[in-house]
Amino acid sequence: MISVDNLVVEFSGHTLFSDVSFTINENDKIALMGKNGAGKSTMMKIIAGVQNPTKGHVRAPKDAVIAYLPQHLLTEDDTSVLEEASKAFSHVFEMRDEMDALNKQLETRTDYESDEYMKIIERVSDLGEKYYALEEVNYTAEVEKALKGLGFKPEDFNKPTSEFSGGWRMRIELAKILLQKPDLILLDEPTNHIDIESVIWLEDFLVNKAKAVVVISHDRAFVDNITNRTIEVTMGRIYDYKANYTHYLQLREDRRAHQIKAYQEQQKFIADNQAFIDRFKGTYSKTNQVASRERMLEKLEIIEIDEIDTSALKLRFPKTQRSGDYPVTVKDVSKSYDDHVVFKNANMSIARGEKVCFVGRNGEGKSTMIKAIMGQIDVEGTCSLGHNVQVGYFAQNQAALLDEDLTIFQTVDEVAKGDIRTQIKNILGRFMFKGDDIDKKVGVLSGGEKTRLAMVKLLLEPVNLLILDEPTNHLDLKSKDVLKDALKEFDGTLILVSHDRDFLQGLSKKVFEFKNQRVIEHFETIDDFLERNRIENIKALDL
């Protein structure tokens, strides 16, 4: 059991949270929830031991292993994928290597009676006791199995880590964590850069093989599938629910309803007593009663109602001209990079008003196909856009295309047309740009903030073909809901690439699967496809 005792975090005169206490039990699967800035990541860093609280302690058994996966990390560049992942067992290999070295010394030394010789024997004995007490494991096989589950192919194992993107490096770190079999796994947005199949693999591991887990995630389906407990960080304190995320939302509504009722009763109580004080202040016969009620009101602890976003902002894409019958046509398209074939002889016709998903493991060609459709890369075959098509394209690097000299407000104001201009501040607020934030220059924003701003900009542009490549990576749950509702109402054509299953559900009725150099068309909803593939993939991954 790991206990968090009376944590206080203060900075610049602001209290982030005060006197927070809870315990993490074996097999607890906890979602750490709360609005951005509530202190979730800070709490996780304190539990991980990488940040100190102002006051309080985190207590864990001496031999407890706590593994932490932050949002941003870097692995070393001078090792292969297999070597880097195998570092999860470095303590085992170090014991083995030290025993081998000491045994070689014993073979060659002849000073059998010396103190030095006896010390070597004692050290070998101690190491051997620890080493042979470990469960017999084929470490290479375990590493390979974890890497395969997270999307790596056997031919990737001996490639240097420097060849892989940040998202793939994150998977290597995740593999190392999972292989250590820690007592507590701390995960901060673990699904941001992994595909659906890998998310399913990770879910299965965390539910069936991991011990305690604490996760911060904006992936609702992932959180619901793995957690049995939700800790909400709000207004400097926590609320602890023995429930997954969806159930927690209902319980939170019930809690807030009780708070509102208690608050209203208290306000009436205050108003009645204040009226008595105002009426009888200066009346000699009521002096003691007035003074008593004044002291009582001074000592009264005012009931606070938890912050909640009650805005009901609903966005609709601006009206635009109707496109031709087939906005996107792909005929016999192939793409290779040197000897690497991404896909070959791909065909697709996407009709006006269709909403389709591109799915498949990372590296199978989803983003490549989008770039081909947009005419950004050369391919064999033909990719064509239909008559009168107006494209809204959100790329994974969309944030880099913003004008860094404009403010947040100016960036949105220059594309907003008509009545929507009166709602710009509300729209920005829903995407977590509030108050003076809207006057910040784009150049000073973080990567996540730029991505959110690029999404707001896209939502306001008149288009009849939307192509979205991983649009939800830096969106919180409420921002995702705004975007999803807008896409459901969108009467144009949609091509969507996303690893977020909750976001995908209900959004498309046709699926293009990118797999083994092929593009396979499935005439089924994304919900049916994911359900069918969840069963198939878990069996195929031999978990």
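Our subject is the structure listed above.
What comes next is a walk through the structure. Predicted model only: the values in this text are computed from it and were never measured.

Here is what the cut-offs are and how they apply
- Every chain's residues receive numbers from 1 upward, in the order its sequence appears when written.
- In view of the model being predicted, local features appear only for residues whose pLDDT reaches at least 70, and side-chain atom pairs are presented and counted only at 80 or more, with totals across whole chains, interfaces and linings using the full set of residues.
- Computation of side-chain values covers all heavy atoms of the structure but excludes hydrogens and water.
- Note on pairing: two strands pair once DSSP finds at least 2 bridges between them.
- Each helix is a run of DSSP H or I of at least 4 residues and each strand a run of E of at least 2, with the numbering of both proceeding from the N terminus.
- Note on geometry: axes are lines fitted to C-alpha atoms, helical ones only across the stretch in contact, with angles between N-to-C directions running from 0 to 180 degrees.
- Whether two residues are in contact is decided by their heavy atoms, any of which lying within 4.5 Å being enough.
- Exposure is judged per residue with a 1.4 Å probe applied to protein chains only, and the accessible area is read against the type maximum: over 50% gives exposed, under 20% gives buried, and values in between give partly exposed.
- The criterion for an aromatic pair is that two Phe, Tyr or Trp rings (for Trp, the six-membered ring) have centres within 6.5 Å, with stacked assigned to planes under 30 degrees apart, edge-to-face to planes over 60 apart and tilted to the rest.
- Helix crossings are classified by the rotation of the near helix relative to the far one: an anticlockwise turn of less than a right angle makes the crossing left-handed, while a clockwise turn makes it right-handed.
- Note on residue classes: Ala, Val, Leu, Ile, Met, Phe, Trp, Tyr, Cys and Pro are nonpolar, Asp, Glu, Lys and Arg are charged, and everything else, Gly too, is polar.
- We define a salt bridge as a contact between a side-chain nitrogen of Lys or Arg and a carboxyl oxygen of Asp or Glu at a distance within 4 Å.
- Definition of a polar contact: a pair of N or O atoms within 3.5 Å, with one able to donate and the other able to accept a hydrogen when the atoms are protein atoms, and with sequence-neighbouring residues admitted only if both atoms are side-chain atoms.

**With respect to the sheet that holds strand β12 (residues 355–359)**
Moving on, step 1. Taken together, the six strands give an open sheet; going across it, the order is β14-β15-β16-β12-β17-β18, and neighbouring strands pair in mixed fashion. Whereas interior strands pair on both sides, the edge strands pair on one side only; in this sheet they are β14 (391–394) and β18 (518–522). Averaged over all adjacent pairs, the angle separating strand axes in this sheet is 15°, with direction ignored.
Moving on, step 2. Strand direction decides the pairing type here: β12 and strand β17 (residues 510–515), joined by four bridges, are parallel. Opposite Val356, over in β17, you have Lys510 as the bridge partner.
Moving on, step 3. Where helix α11 (residues 366–373) meets the sheet, its contacts fall on β12, β14, β15 (465–469), β16 (493–497), β17 and β18, and the angle it forms with β12 comes to roughly 130°.

**Notes on unusual backbone geometry**
Moving on, step 1. Unusually for a residue other than glycine, Lys181 sits at a positive phi of about 50°.
Moving on, step 2. Along the chain, Lys181 falls in the loop between α6 (166–179) and β6 (184–188).
Moving on, step 3. On the basis of relative accessibility, which here comes to 55%, the residue Lys181 falls in the exposed class.
Moving on, step 4. Non-glycine residue Glu470 carries a positive phi angle of around 50°.
Moving on, step 5. Relative to the elements of secondary structure, Glu470 occurs in the loop between β15 and α15 (477–489).

**Regarding the packing of aromatic side chains**
Moving on, step 1. The tally for this structure, following the rule as stated, stands at 10 aromatic pairs.
Moving on, step 2. Their ring planes at 50° and their centres at 5.6 Å tell us that Tyr245 and Tyr248 sit as a pair that is tilted. Residue Tyr245 and its partner Tyr248 are located together in helix α9 (residues 245–280), separated by three residues, close to a single helical turn.
Moving on, step 3. Residue Tyr245 is classed as buried on the basis of its relative accessible area, which comes to 8%.
Moving on, step 4. Ring geometry for Phe276 versus Phe280: centroids 4.8 Å apart, planes at 50°, classification tilted. Here Phe276 and its partner Phe280 are both found in helix α9, four residues apart, which amounts to about one turn of the helix.
Moving on, step 5. We classify Phe276 as buried; its relative accessible area is 14%.
Moving on, step 6. Overall, Phe280 belongs to the buried group, its relative accessible area being 17%.

**Describing the packing of α9 against helix α10 (residues 287–299)**
Moving on, step 1. At a minimum axis distance of 10 Å, the contact between α9 and α10 shows a crossing angle of 145°. For the crossing formed where α9 meets α10, the hand is left-handed. From α9, Phe269, Ile270, Asn273, Gln274, Phe276, Ile277 and Phe280 reach across to α10, where they touch Gln289, Val290, Arg293, Glu294, Met296 and Leu297.
Moving on, step 2. Considered class by class, the residues forming the contact of α9 with α10 number eight nonpolar, three polar and two charged.

**Some words on the side chain of Asp156**
Moving on, step 1. Locating Asp156 in the fold gives a position in the loop between α5 (139–149) and α6.
Moving on, step 2. A relative accessible area of 11% means that Asp156 is categorised as buried.
Moving on, step 3. Beyond its immediate stretch of four places on either side in the chain, Asp156 contacts Val81 and Phe164.

**A word on the pattern of salt bridges**
Moving on, step 1. Taken as a whole and assessed by the stated rule, the structure comprises 27 salt bridges.
Moving on, step 2. With a shortest N-O distance of 3.5 Å, Lys440 and Asp437 are connected by a salt bridge.
Moving on, step 3. Taken together, the shared-partner salt bridges in this structure form one network comprising Glu84, Lys87, Glu173 and Lys176.

**Quick word on the pairing of strand β3 (residues 29–33)**
Moving on, step 1. Of all five residues that make up β3, five are buried, and the element is covered over most of its length.
Moving on, step 2. Every second residue of β3 is oriented toward a common face, with Lys29, Ala31 and Met33 on one face and Ile30 and Leu32 on the other, all of them buried.
Moving on, step 3. Where β3 lies against strand β7 (residues 212–216), three bridges are found, and the strand directions are parallel. Bridging across to β7, Ile30 finds its partner in Val214.
Moving on, step 4. With four bridges connecting them, β3 and strand β8 (residues 229–234) associate as parallel partners. Looking at the pairing, Met33 lines up with Glu232 of β8.

**What about the side chain of Ser217?**
Moving on, step 1. Tracing the chain through its elements places Ser217 in the loop between β7 and α8 (220–226).
Moving on, step 2. For Ser217, a relative accessible area of 3% translates into the label buried.
Moving on, step 3. Polar side-chain contacts of Ser217 include one of 3.0 Å to the backbone nitrogen of Asp219.

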